[in-house]
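# Notes for the structure review
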Amino acid sequence: MSIDLHSHTDQSDGSLSPQMLIELAEKNGVQMLSITDHDTVSAYHLINNVPKNMHLIKGVEISCSWNNATIHILGLNINITEEYLLKNLEIQSKQRLIRAGKIAKILVKLGITDPLTRVMELAGNNIGRPHFAQYLLEIGKVRTREEAFKKYLGNGKPGDVKFEWMETKTAIECIKNAGGIAVLAHPAAYKYTNTKLNRLLKEFKEFGGQGIEVISGSQTSAITNNLTSLAIKYDFFGSQGSDFHEYKNGYSSLGKCVPLSPSIQPVWNLF
Ligand code: AMP
Ligand code: MN
Ligand code: MN
Ligand code: MN
């Protein structure tokens, strides 16, 4: 069965509308899909047709602070009307707007004219750094969005403003309150040493986290093997997802995940 539990729509920083994403998933043979937009569940209110043979798992990807840095936690199989979750996502969305103002101010200082007007237009009501990257691309300041992160928006760059998301503990509480499963997203993406990653996993477990994304996009087999051992070590359920955002050398990456090791309990056994 083809399963993809991590994907984005234009309700956050993806390029497809929620309905278009579902249609692409169907075309790619995905039988279980979760749309996990950054800090919002609005996609779920815009879907009018789910194919009969597709199991849609309601989800979200929450940005949170851990140890003075940002990590992402997936909430899978959540009740998208749960009030505590919605209240905290609402705060997060306001915080995104405040952060965008700060980023815009810095870019203006660097000689970029009025970024906020166009970025707000691109972002709708859920603004993020990728929308700034898109604007920098549009005005020809960079040739790719990756370059925009490298020069302006990524770790340690001027537009990487100091910022506090909700605490990791709060994010897990939100997910659990909404009846969902908290899964640490793309653990290898934080580029932590093994010692630090072990510390994160230990705390994540103590806070009530139940799973980790063992398969994320097209990672190397060395990473997959390491995450498989860590899932076993900490007794985490394993999840898999493409983290699909947009067209990139074709649309085939939605739903494309190498299989989880049989030595791990799949998170979808809990749904
Ligand atoms: P934000 O939540 O606004 O801080 O934006 C984070 C998003 O930016 C991630 O979910 C990625 O989709 C995207 N992103 C982060 N780093 C890069 C990068 N180096 N190149 C391209 N996109 C990136
Ligand atoms: Mn993203
Ligand atoms: Mn992420
Ligand atoms: Mn993601």
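This report concerns the structure included in the present document. (Residues numbered from 1 in each chain as written. Chains lettered and ligands numbered in written order. Predicted model: local features only at pLDDT ≥ 70, side-chain atom pairs only at ≥ 80, totals over all residues. Heavy atoms only, no water.)

Helices and strands together make up the secondary structure of the chain, namely 8 helices and 8 strands. Radius of gyration (C-alpha) of the chain: 18 Å, near the 18 Å computed for a compact globule of 271 residues. Along the first, second and third principal axes, the C-alpha set of the chain runs to 55 × 45 × 40 Å. Taking contacts inside the chain between residues at least 6 apart in sequence as the whole, the part at least 24 apart equals 68%. (Helix = DSSP H or I, 4+ residues; strand = E, 2+ residues; numbered from the N terminus. Rg over C-alpha atoms; globule rule 2.2 N^0.38 Å. Contact = heavy atoms within 4.5 Å.)

Contacts to ligand 1 come from Asp 13, His 38, Arg 96, Arg 99, Gly 128, Arg 129, Pro 130, Glu 146, Phe 149 and His 245. A distance of 3.0 Å is found between an oxygen atom of ligand 1 and a side-chain nitrogen or oxygen belonging to Asp 13. At 2.8 Å from an oxygen atom of ligand 1 is found a main-chain nitrogen or oxygen belonging to Arg 129. Isolated, ligand 1 exposes 510 Å² of accessible area, and the fraction of that covered by the protein chains is 71%. For the shell around ligand 1, the elements supplying multiple residues, two or more each, are α2 (83–109), α4 (129–138) and α5 (145–153). (Near = heavy atom within 4 Å. Polar contact = N/O pair within 3.5 Å; in protein donor to acceptor, adjacent residues only side chain to side chain. Areas by Shrake-Rupley, 256 points an atom, 1.4 Å probe, with all protein chains shown as cover.)

Once that is clear, we can look at the side chain of Ser 242. Looking at where Ser 242 falls in the secondary structure, it is placed in the segment after β8 (237–241). There is a polar contact of 2.5 Å between the side chain of Ser 242 and the side chain of Asp 4. If we ignore the near neighbours within four places in the chain, the residues touching Ser 242 are Asp 4, His 6, Gly 217, Ser 253, Leu 254, Gly 255, Lys 256 and Cys 257.

On to α4, then. Three or four residues apart is the spacing at which side chains of an α-helix point the same way, because the helix has 3.6 residues per turn. Along α4, the residues classified as buried are His 131, Phe 132, Ala 133, Tyr 135 and Leu 136. At its buried positions, α4 is contacted by α2, α3 (115–123) and α5. Among the residues trailing α4, Gly 140 stands out with phi positive, at a value near 80°. (Buried < 20%, exposed > 50% of the residue type's maximum accessible area, 1.4 Å probe, protein only.)

This part is about the coordination of the manganese ion (ligand 3). Looking at the manganese ion (ligand 3), one finds its protein donor set to be Glu 61 (OE), His 72 (ND1) and His 186 (NE2), positioned 2.1 to 2.2 Å from the metal centre. Donor residues binding the manganese ion (ligand 3) come from one chain and are separated in sequence as E-x10-H-x113-H. Distance-wise, the manganese ion (ligand 2) is placed 5.5 Å from the manganese ion (ligand 3). Of this pair, Glu 61 sits in strand β3 (residues 55–66) while His 72 sits in strand β4 (residues 69–76), and the two are 11 residues apart along the sequence. A relative accessible area of 1% places Glu 61 in the buried class. (Donors = N, O, S within 2.8 Å, 3.2 Å for Na, K, Ca; no water.)

We now examine the environment of Glu 121. Among the structural elements, Glu 121 can be located in helix α3. Between the C-alpha atoms of Glu 121 and Ile 181, which are 60 residues apart in sequence, the distance is 33 Å. For Glu 121, the side chain forms a polar contact with the side chain of Arg 118, separated by 2.5 Å.

Another point: the coordination of the manganese ion (ligand 2). Each protein donor to the manganese ion (ligand 2) is listed here as Asp 13 (OD), His 38 (NE2) and His 245 (NE2); together their distances run 2.1 to 2.2 Å. Written as a sequence motif, the donor arrangement for the manganese ion (ligand 2) is D-x24-H-x206-H.

Moving on, we come to unusual backbone geometry. Its identity as a non-glycine residue notwithstanding, Asn 77 has a phi of 60°, on the positive side. Mapping Asn 77 onto the fold places it in the loop between β4 and α2. Positive phi, close to 55°, is recorded for Asp 235, a residue that is not glycine. Its location among the elements puts Asp 235 in the loop between α8 (221–233) and β8.

What follows covers the packing of α2 against α3. Across the interface, α2 lies against α3 with an axial gap of 9 Å and an inter-helix angle of 140°. Compared by their axis directions, α2 and α3 come out oblique. Of the two elements, α2 crosses α3, and the hand of that crossing is right-handed. Residues Leu 97, Ala 100, Gly 101, Ala 104, Leu 107 and Val 108 of α2 lie in contact with α3, whose contacting residues are Pro 115, Leu 116 and Met 120. Each residue belonging to the contact of α2 with α3 can be placed in one class, and the counts come to 8 nonpolar, 1 polar and no charged. (Axes fitted to C-alpha atoms, helices over the stretch in contact; angles between N-to-C directions. Parallel < 35°, antiparallel > 145°, perpendicular 65-115°, else oblique. Left-handed = near helix turned anticlockwise from the far one by under 90°. Nonpolar A, V, L, I, M, F, W, Y, C, P; charged D, E, K, R; others polar.)

Counting residues in hydrophobic clusters, the biggest one holds 63 residues, and the most contacted among them are Leu 33, Ile 71, Ile 73 and Leu 184. In terms of residues, this core owes the most to one element, β3, which gives 6 residues. With sequence-adjacent residues up to four places away left out, Leu 33 is seen in contact with Asp 4, Ser 7, Leu 21, Ile 22, Ala 25, Met 54, His 55, Leu 56, Ile 57 and Leu 254. The next biggest cluster of nonpolar side chains, apart from the first, holds 17 residues, and it includes Val 119, Ala 123, Val 142 and Leu 153. (Core = buried A, V, L, I, M, F, W, Y, C linked by side-chain atoms within 4.5 Å.)

By the element assignment, Ile 98 lies in helix α2. Sequence-wise, Ile 98 and Pro 262 are 164 residues apart; in three dimensions their C-alpha atoms are separated by 45 Å.

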